[in-house]
Amino acid sequence: MDVIGGKWKVLILWALDEKPCRFGELRRAVPGVTEKVLSSHLKELEGDGIVHREEYAEVPPRVEYSLTPRGVSLNAALAPLGAWGRENVLRVPESMAGNDLL
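Here the structure is a predicted model, which means the values were calculated and not measured.

S.K.: Explain the pairing of strand S1 (residues 51–56) residue by residue, including any values.
M.R.: Bridging between S1 and strand S2 (residues 62–67) involves six bridges; their strand directions are antiparallel. Paired with Tyr-56 across the strands is Arg-62, a residue of S2. As consecutive antiparallel partners, S1 and S2 are separated by five residues.

Printed below as a string of structure tokens:
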């Protein structure tokens, strides 16, 4: 849980599951995350061996983030949790459909 704890780490992992991303692309893919938090989480995920940071010797410098094999397997383990959330959290149960509080 330490590896994926927090509000943003799972969203970062899912964004990187699509394709390798530059920092700005990740910021757009995870709306609401601040630069500071994104940078901090990427460093933590890199330290845990989940995310790979690739620096390219170009002018201007370019950095891309991608999932390591360990990150890919973590995303695969999180997939059933995402499916459960879509089924049970994002969908309004029929028993609550007439409830005015929703």
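S.K.: Outline the nonpolar core, listing residues and values.
M.R.: Ile-12, Leu-13, Leu-16, Leu-26, Leu-42 and Val-51 are the most contacted members of the largest nonpolar core, which has 20 residues in total. Mapped onto this core, the elements with two or more residues apiece are helix H1 (9–18), helix H3 (35–47), S2 and helix H4 (69–88). Sort the elements by how many residues they give to this core and H1 lands first, with five residues.

Rules and cut-offs
Residues numbered from 1 in each chain as written. Predicted model: local features only at pLDDT ≥ 70, side-chain atom pairs only at ≥ 80, totals over all residues. Heavy atoms only, no water. Pairing = 2+ DSSP bridges. Helix = DSSP H or I, 4+ residues; strand = E, 2+ residues; numbered from the N terminus. Core = buried A, V, L, I, M, F, W, Y, C linked by side-chain atoms within 4.5 Å. Buried < 20%, exposed > 50% of the residue type's maximum accessible area, 1.4 Å probe, protein only.

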